[in-house]
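Results of the structural survey
These are the residues of each chain, in order.
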Amino acid sequence: MTAHAKLSASGSSRWINCPGSVQAEEGFPDSTSIFAEEGTMAHELAQTILEEGGSPFWYEGRTLRENNAVPVTREMCEYVQEYVNYVYRVCGDDGEDSGDGEELIEQRVDFSPWVPDGFGTCDAIVVRGDHLHIIDLKYGKGVPVYAENNTQGILYALGAYNELNQISGFQTVTIHIVQPRLDSASDWTLSVDELLAWGERISQAAQATQDPDAKRIPSEKACQWCKAKAVCPALLAQTEA
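A brief report on the enclosed structure follows. (Residues numbered from 1 in each chain as written. Predicted model: local features only at pLDDT ≥ 70, side-chain atom pairs only at ≥ 80, totals over all residues. Heavy atoms only, no water.)

A look at the overall build of the chain
- The secondary structure content of the chain amounts to eight helices and five strands.
- Going residue by residue from the N terminus, the α and β elements of the chain occur as α-α-α-α-β-β-β-α-β-β-α-α-α.
- Expected size for 241 residues packed as a compact globule is a radius of gyration near 18 Å; at 19 Å, the chain falls within 12% of this value.
- Projecting the C-alpha coordinates of the chain onto the three principal axes gives extents of approximately 55 × 45 × 30 Å.
- Going through the 241 residues of the chain one by one, you find that 46% of them count as buried.
- Across the chain, every contact between residues at least 6 apart in sequence was considered, and the portion connecting residues at least 24 apart equals 63%.
- As presented, the chain carries roughly 12,900 Å² of accessible surface, and 48% of it is formed by carbon and sulfur atoms.
- When the 17 basic and 37 acidic side-chain charges of the chain are each reduced to a single mean position, those positions are 7 Å apart. (Helix = DSSP H or I, 4+ residues; strand = E, 2+ residues; numbered from the N terminus. Rg over C-alpha atoms; globule rule 2.2 N^0.38 Å. Buried < 20%, exposed > 50% of the residue type's maximum accessible area, 1.4 Å probe, protein only. Contact = heavy atoms within 4.5 Å. Areas by Shrake-Rupley, 256 points an atom, 1.4 Å probe, with all protein chains shown as cover. Lys, Arg positive; Asp, Glu negative; His and termini not counted. Charge placed at Lys NZ, Arg CZ, Asp CG, Glu CD.)

Okay, structure coming up:
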């Protein structure tokens, strides 16, 4: 079973914007859906190709090792290939040993210097000299996601910086969001100083969630995926105002 941080990177747009949501969600069970399961399967297929080589189409009609409830479809192969090609381009190679980029796939990163007990798993980290690339695959097609000011990507970048900077001495960071089912790929570049400034702001937001009287602040970003929104008095008051 995959471990999840209480202040997760994937949920950061919620708890950064609404510190009271962390306590509000306590007691609500984790849930899944066929869409989430499909996304998990696509991530495993991408990881397999990026780590072992080959083509996603080799797995068409077959089941995967971990997510093996249904066979891989041709559509998934096509979209995963788009993502794999994107990672190869960022790394500067064709999937072989000819490039000058270092790839770390499905890499667990520790951003606890900014967020208490903070950790997560980054889909792909590419290091090219002093340039750090964070690449996130979004397999869903319901909600467009973009790289600029993306706090999930920022937290992954902070975690990678925390663990790799002494070796690489990063100067520049680029966050990439690849959403192949929406034919979308965006990127956002910032300096390490800008990244660390973001880290300070996020650290303050994380500390605010620890307050027993942390405020609930409804907003589109905070409420979109909040488990407690159906029973949130702050959201009810806002909608009745």
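Still to come is the rest of the account.
Topic: the pattern of salt bridges
- This structure, assessed with the given rule, holds seven salt bridges.
- Across the salt bridge formed by Arg-14 and Glu-25, the nearest N and O atoms sit 3.4 Å from each other. In this pair, Arg-14 is assigned in helix H1 (residues 12–17) and Glu-25 in the loop between helix H2 (21–24) and helix H3 (34–52), connecting sequence segments 11 residues apart.
- The class for Arg-14 is buried, based on a relative accessible area of 11%.
- Between Arg-65 and Glu-52 there is a salt bridge, and its shortest N-O distance comes to 3.0 Å. One end of the pair, Arg-65, is in the loop between H3 and helix H4 (74–91); the other, Glu-52, is in helix H3, with 13 residues separating them in the sequence.
- A cluster of three or more residues bridged by salt bridges with shared partners is formed by Glu-60, Arg-74 and Glu-78. (Salt bridge = Lys/Arg side-chain N within 4 Å of Asp/Glu carboxyl O.)

Considering the packing of aromatic side chains
- Summed over the entire model, instances satisfying the criterion amount to two aromatic pairs.
- Both rings, one in Tyr-79 and one in Tyr-139, keep their centres 6.4 Å apart while their planes meet at 75°; by these two values the pair is edge-to-face. Of this pair, Tyr-79 sits in helix H4 while Tyr-139 sits in the loop between strand S3 (131–137) and helix H5 (151–168), and the two are 60 residues apart along the sequence.
- Using a relative accessible area of 4% as the deciding quantity, one classes Tyr-139 as buried.
- Pairing Trp-188 with Trp-198 gives two aromatic rings, centres 6.3 Å apart and planes at 85°, and the pair type is edge-to-face. Taken together, the residues Trp-188 in strand S5 (residues 184–191) and Trp-198 in helix H6 (residues 192–208) connect sequence positions 10 residues apart. In this structure, Trp-188 and Trp-198 share a single accessibility class: buried. (Phe/Tyr/Trp six-rings, centres within 6.5 Å; stacked < 30°, edge-to-face > 60°.)

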